[in-house]
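Residue-level structure breakdown
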Amino acid sequence: AHRALAATFTADDTGRETGDAPSGTAAGAIADGVVRMAPRLPPLREETARIRDEISAARDAGIPLRITGAGSWLDAGRPVAAARTIAVRDDAIVEYNPGDLTMTARAGASLAALDEAARANGQCIALDPFGSVRGTLGATLATAAAGPLAHAFGTPRDNVLGVELVTGQGLVARGGGRVVKNVAGFDLTRLAVGSWGTLAVITEATLRLRAVPEHDVTVAIALAEKPVLAAATLDQLRRLPLAAWAIEVVNGAVAAALGLGNVPLILARIAGNEKLVAAQRTSLASLGDVATLDDAVWSRLRGVEPLSPAVARVSTLPSAMPALLGDALPAGAMPDGTLIHSTPSRGVIRCIVPHHALGMLRRAVGRARRHPSAPLTWIWERLPAGQWGELAPSAVATKLGRRTRDAFDPARILNRGILGESES
């Protein structure tokens, strides 16, 4: 954590770097008699200065804070013990360089707005987490939430080039940069993404963009209801030479919610030039009949979760997914009303269950843990507030984790308890 902080530079509200340096030089680091010049930083935006001041005041008063953005995913993670909220609202696009395929935006910007701006120049962002389209950039990065596009482009950590953040000590820091080849302070960027706001408030980020493909086609292939046949098809899918943007497997309940019938499906998004798309479609046809769908199905899939659901995320080795999904997808394998979708290449299954079936799901996951194919882990993403203590163990803080928190938020004022009481 200290090395990560050393790779950043802080700034006051005039944009001057802080720290001591010889007269007539920009602030920087001095080691072995050599002055290493710090880059000139832009002035702080009004919101960053406000957040810094609010955090500093809360730290001095010992008041815990809850970080909020659009507020569409506040039931994710454990309930936060906080007396006040600190809102991230600035939604501006700070800098957009289509030639470099990079965009810098404030954390309050919605992913939909950023994608719309990029598409005006034939580009797009590769972030599509499940949930409301109002979801913000800051929340997506803080939770490291990923969707179907992670199949081809990885998780948020793989798509962020740099961040600006305010630590629990009220320090403004920047890691990474605004160009693809800039990796200064990159460790800080990767540390902040997925920290659930327990280290700092992310106020700004630079994203790597992707070119919109010439052709972008979504297709579906039905899976057999018998577990052994479904597993065989999924194993064959894993071995196909595909360059798809997304491959998602859904159970019959999700298919019905998407208006696609009520049988398990493979959804594939194949993109590229005409020949590449045709070749991938031919490969997929070896699994069964291929039906072309409206590409709006991906937006509907992102919003398939009902309000305030219970969501469990199960992870295993990608090689073990065919057998595991083969057992889970058929009707009757899980509690009635359970929505299941999976990204097989990542070894991740998300189970969305009605509240009355939480105990049944826990027993089903317990049986899956004993599956002979591979080790399996699971976590709850979302639960009713009163169920966390009963269904989910607290996060276990490691020595490194505690030292990292000590470096960024020693008073534990940011999102206190969101990872469990033992992490504080």
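Conventions and cut-offs
- Residues numbered from 1 in each chain as written.
- Predicted model: local features only at pLDDT ≥ 70, side-chain atom pairs only at ≥ 80, totals over all residues.
- Heavy atoms only, no water.
- 1 Å grid on protein atoms, 1.4 Å probe; cavity = no way out; pocket = protein on both sides within 12 Å on 5 of 7 lines; lining within 4 Å.
- Points joined across faces, edges and corners; volume = space filled by probe spheres on them.
- Helix = DSSP H or I, 4+ residues; strand = E, 2+ residues; numbered from the N terminus.
- Nonpolar A, V, L, I, M, F, W, Y, C, P; charged D, E, K, R; others polar.
- Phe/Tyr/Trp six-rings, centres within 6.5 Å; stacked < 30°, edge-to-face > 60°.
- Axes fitted to C-alpha atoms, helices over the stretch in contact; angles between N-to-C directions.
- Left-handed = near helix turned anticlockwise from the far one by under 90°.
- Contact = heavy atoms within 4.5 Å.
- Buried < 20%, exposed > 50% of the residue type's maximum accessible area, 1.4 Å probe, protein only.
- Pairing = 2+ DSSP bridges.

Here the focus is empty space enclosed by the protein. Inspection of every chain in the model, using the stated rule, returns 3 cavities of 30 Å³ or more. Here the largest cavity defines a volume of roughly 520 Å³. Sorting the residues of the lining of the largest cavity by element identifies β3 (65–68), α4 (137–143) and β10 (200–211) as the ones contributing at least two each. With 5 residues, the top contributor of residues to the lining of the largest cavity is α4. In the lining of the largest cavity, the residues fall into 18 nonpolar, 15 polar and 2 charged. Counted as a void, the second largest cavity has a volume near 50 Å³. Lining the second largest cavity, in full, are L165, L188, L191, A192, S195, L199, A200, I202 and F408. Elements supplying a minimum of two residues to the lining of the second largest cavity: α6 (186–192) and β10. Per-element tally for the lining of the second largest cavity: the top contributor is α6, with 3 residues. Residues of the lining of the second largest cavity, tallied by class, amount to 8 nonpolar, 1 polar and no charged.

It is worth spelling out the packing of aromatic side chains at this point. Summed over all chains, the structure comprises 2 aromatic pairs. Between the aromatic rings of F153 and W245, the centroid separation amounts to 4.9 Å while the plane-to-plane angle is 85 degrees, which identifies the pairing as edge-to-face. With a gap of 92 residues between them, F153 in helix α5 (residues 150–153) and W245 in the loop between α7 (227–239) and β12 (246–250) connect regions that are remote in the sequence.

Turning our attention to the packing of α7 against helix α11 (residues 321–328). Between α7 and α11, whose axes approach to 8 Å, the crossing angle comes to 145 degrees. The crossing of α7 and α11 is right-handed. Between α7 and α11, the residues in contact are P227, A230, A231, L234, D235 and R238 and P322, A323, L325, G326 and D327, respectively. Its residues assigned to classes, the contact of α7 with α11 shows 7 nonpolar, 1 polar and 3 charged.

Further remarks concern the pairing of strand β8 (residues 160–167). The buried count for β8 comes to 8 of 8 residues, which makes it a mostly enclosed element. In this structure, β8 lies alongside β10, joined through 7 bridges in antiparallel fashion. When the sheet's bridge partners are listed, L165 is paired in β10 with I202. Pairing of β8 with strand β9 (residues 172–176), which is carried by 5 bridges, proceeds in the antiparallel orientation. Across the sheet, the residue bridging to V166 is V172, located in β9. Linking β8 back to β9 in an antiparallel pair, the connection comprises 4 residues, with G170 at a positive phi of about 80 degrees.

Turning our attention to the environment of L234. Its location among the elements puts L234 in helix α7. Linking L234 and P322, residues 88 residues apart in sequence, is a C-alpha distance of 5.0 Å. Ignoring sequence-local partners within four residues, the contact set of L234 consists of L223, V249, I266, P322, L325, G326 and L329.

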